[in-house]
Amino acid sequence: MSALLPKKDGYRVAVVGATGEVGRTMLEILEERDFPVAELALLASERSAGERLSFRGAEITVQKLAEFNPAGWDLALFSAGASVSREYAPRFAEAGCYVVDNSSAWRMDPEIPLIVPEVNPHRLADAQKHRIIANPNCSTIQMVVALKPLHDAVPIARVVVATYQAVSGAGRKAMDELLEQTRLLLSGRPEEAKPKHLPARIAFNVIPHIDVFLEDGYTKEEHKMMQETRKIMEADIKVTATTVRVPVFYGHAEAVNVSFTGPMSADRAREILAEAPGVAVVDDPATHDYPMPMEAAGTDAVWVGRIRDDDSFPNSLNLWIVADNVRKGAALNAVQIAEMLIGRQG
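Participant: Could you give an account of the overall build of the protein chain, naming the residues involved and the relevant values?
Facilitator: From N to C terminus, the protein chain includes 8 helices and 14 strands. Since a compact globule built from 346 residues should have a radius of gyration of about 20 Å, the 20 Å found for the protein chain is in line with a globular shape. By principal-axis analysis of the C-alpha atoms, the protein chain measures approximately 60 × 55 × 40 Å. Sorting the 346 residues of the protein chain into buried and exposed places 53% on the buried side. Within the protein chain, residue pairs in contact and separated by at least 24 positions form 68% of the contacts whose partners lie at least 6 positions apart. On the protein chain, roughly 15100 Å² of surface is accessible, and the fraction owed to carbon and sulfur atoms is 50%.

In structure tokens, the structure reads:
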């Protein structure tokens, strides 16, 4: 694959939304993976400007996004919400900067590539026109990383997925809400454990509601998974989803039922997934080995287990898929795309 940015010793990189959960994780991953950063700009809203964040042992002051001039910068990693991305991503792109955007703003734009490096890296070439690349929804990313190698072996016809999504997917305020509600309930003060940032109390509860409801009764989050999967996989796969918020801080889990157009056994699926890039198979029920969010948190892999034949329908399997939603579901995927832009593989 050809790099879209010219080869050089270091690149000028901006992180937009640097003070948020994903932005901070992007910084960690840029450092962990030794991305060749010659100069780093940390950008955020006026409210967060002035904060100082650490990168490679140095303290860097967060600047106001509205006052930043992107001319001369090579790459920007955006994680500041769809409205910010719609306003500022084109400004960065017009200044010659490539943008990797973590919001929903550009994902379903037919001219903007929606990329998961393990799945459709060939779509990077499509970024040359607008210089914007969309990072998919966190739940979609982990699912397609596991499904793509199976689909390559035997085309997938249909996917039924139910998600169990950590509160970090709703941001720092939702995480604080889970912590505070848990404290109040364990202190015998349930009347004070009121929802503020989530649609219902999350402590000791599950909420079958992520993002807004649409006219067809599905939520926007469910539509994201259905639409993005088809775009990334480049196939007319039937997808239906139910997305659920659970009282876990990090790590999304998914129960996925997959129907294929031909025979696919659980044993064959295990063999394929064991060799798949970005996938780790943990699947030994006899020893209680299966992926769990508490073990996936802080890791980069997409973990797959509970792989079993579905005898209720021909050519079907059940999978259990877990990943750290802030890392692989957002920050890591964005940095991997950035690595593709400079020609670094793996």
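Participant: Talk me through unusual backbone geometry; I want residue IDs and the actual numbers.
Facilitator: Positive phi, normally seen in glycine, also occurs at Asp34, with a value near 55°. For Asp34, the position within the fold is in the loop between α1 (21-32) and β2 (37-44). Residue Phe204 is not a glycine yet carries a positive backbone phi of 55°. Assignment of secondary structure puts Phe204 in the loop between α4 (172-186) and α5 (220-233). Accessibility expressed as a relative area gives 54% for Phe204, which makes it exposed.

Participant: Lay out the environment of Val279 with the relevant residues and their values.
Facilitator: For Val279, the location among the structural elements is in strand β12 (residues 279-281). Overall, Val279 belongs to the buried group, its relative accessible area being 12%. As for Val279 and Pro149, which are separated by 130 residues in sequence, their C-alpha atoms are 9.9 Å apart. In this view, Val279 contacts Val145, Ala146, Leu273, Val302 and Val304; residues no more than four positions away in its chain are not counted.

Participant: I'd like a rundown of the nonpolar core, residues and numbers included.
Facilitator: With 57 residues, the main nonpolar core has Phe92, Val159, Val304 and Leu319 as its most contacted residues. Counting residues per element, this core draws most heavily on helix α3 (residues 138-153), which supplies 7 residues. With sequence-adjacent residues up to four places away left out, Val304 is seen in contact with Ala146, Leu273, Val279, Ala280, Val281, Val282, Pro291, Leu319, Trp320 and Ile321.

Participant: Which residues make up the sheet that holds strand β7 (residues 98-101), and what values do they have?
Facilitator: A sheet is described by the order of its strands in space; here 6 strands give the open sequence β5-β2-β1-β6-β7-β8, paired in parallel fashion. At either end of the open sheet lies a strand with only one pairing partner, and these are β5 (63-64) and β8 (132-134). Against the sheet, helix α2 (residues 82-94) engages β1 (11-16), β2, β6 (75-78), β7 and β8, with an angle of about 170° to β6. The sheet strands contacting helix α8 (residues 327-341) are β6, β7 and β8, and the helix crosses β6 at an angle near 165°.

Quick notes on the rules
- Residues numbered from 1 in each chain as written.
- Predicted model: local features only at pLDDT ≥ 70, side-chain atom pairs only at ≥ 80, totals over all residues.
- Heavy atoms only, no water.
- Helix = DSSP H or I, 4+ residues; strand = E, 2+ residues; numbered from the N terminus.
- Rg over C-alpha atoms; globule rule 2.2 N^0.38 Å.
- Buried < 20%, exposed > 50% of the residue type's maximum accessible area, 1.4 Å probe, protein only.
- Contact = heavy atoms within 4.5 Å.
- Areas by Shrake-Rupley, 256 points an atom, 1.4 Å probe, with all protein chains shown as cover.
- Core = buried A, V, L, I, M, F, W, Y, C linked by side-chain atoms within 4.5 Å.
- Pairing = 2+ DSSP bridges.
- Axes fitted to C-alpha atoms, helices over the stretch in contact; angles between N-to-C directions.

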